[in-house]
Amino acid sequence: GGGGGGGAATVKMRGLPFRLSTHDIIDFFRGFDVLPQSVQLVMNGEGRASGEAFATFGSPEEAQRAIIEKNRQHLGSRYVEIFPANM
């Protein structure tokens, strides 16, 4: 494995309930080193929630742990996909 230093790492979430807030996402990642101010809901052309969001973690290890532990978990009535964001 590469080793290359710390730094933050961002994940992309897909399949979120449309009525979700950033606080719900922060809550979903309780116990992880998520940076609350980094959480962004992605809007579509009409300015409505697209069901996607980005969240940044304090380290790549935390982002990876979030993906492993939270991918395909339910948030509300939907299950959420989480994967590394290529930003």
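Residues numbered from 1 in each chain as written. Predicted model: local features only at pLDDT ≥ 70, side-chain atom pairs only at ≥ 80, totals over all residues. Heavy atoms only, no water.

Draft legend 1. Spotlight on the overall build of the protein chain. Secondary structure summary: the protein chain contains two helices and six strands in total. When its helices and strands are written in sequence order, the protein chain yields β-α-β-β-α-β-β-β. For the protein chain, the C-alpha radius of gyration of 13 Å lies close to 12 Å, the compact-globule estimate for 87 residues. Its C-alpha atoms give the protein chain principal-axis dimensions of about 40 × 25 × 20 Å. Counting over 87 residues, the protein chain shows a buried share of 36%. If you take every contact in the protein chain between residues at least 6 apart in sequence, the share linking residues at least 24 apart comes to 63%. As displayed, the protein chain has an accessible area near 5300 Å², and 48% of this comes from carbon and sulfur atoms. (Helix = DSSP H or I, 4+ residues; strand = E, 2+ residues; numbered from the N terminus. Rg over C-alpha atoms; globule rule 2.2 N^0.38 Å. Buried < 20%, exposed > 50% of the residue type's maximum accessible area, 1.4 Å probe, protein only. Contact = heavy atoms within 4.5 Å. Areas by Shrake-Rupley, 256 points an atom, 1.4 Å probe, with all protein chains shown as cover.)

Draft legend 2. Seen up close, unusual backbone geometry. Of note in the backbone geometry, Arg72 takes a positive phi value of approximately 65° without being a glycine. Positionally, Arg72 belongs in the loop between helix H2 (60–70) and strand S4 (74–75).

Draft legend 3. Local environment of the sheet that holds strand S6 (residues 81–84). Spatially, the four strands line up as an open sheet ordered S2-S3-S1-S6, and their pairing is antiparallel. Of all strands in the sheet, those with a lone pairing partner are strand S2 (40–43) and S6, marking the two edges. Across the sheet, the mean angle separating the axes of adjacent strands is 30° when strand polarity is ignored. Note that strand S1 (residues 9–14) and strand S3 (residues 49–57) share six bridges and pair antiparallel. Of the residues in S3, the one forming a bridge with Lys12 is Phe54. (Pairing = 2+ DSSP bridges. Axes fitted to C-alpha atoms, helices over the stretch in contact; angles between N-to-C directions.)

Draft legend 4. Inspection of the packing of aromatic side chains at higher detail. Evaluated as defined, the whole model comprises four aromatic pairs. Look at Phe28 and Phe29: their rings are 5.2 Å apart centre to centre, the planes differ by 65°, and that puts the pair in the edge-to-face class. Judged by its relative accessible area of 8%, Phe28 is buried. Seen from their ring centres, Phe29 and Phe32 are 6.1 Å apart, and the 80° between their planes marks the pair as edge-to-face. Phe32 sits in the buried class, given a relative accessible area of 11%. Cluster of aromatic residues (ring-pair linked, three or more members): Phe28, Phe29, Phe32 and Phe57. In this structure, Lys70 packs its charged tip against the face of Phe28, placed 4.6 Å from the ring centre. Over the ring of Phe18 we find Arg78; its NZ or CZ atom is 5.4 Å from the centre of that ring. (Phe/Tyr/Trp six-rings, centres within 6.5 Å; stacked < 30°, edge-to-face > 60°. Lys NZ or Arg CZ within 6 Å of the ring centre and 35° of its normal.)

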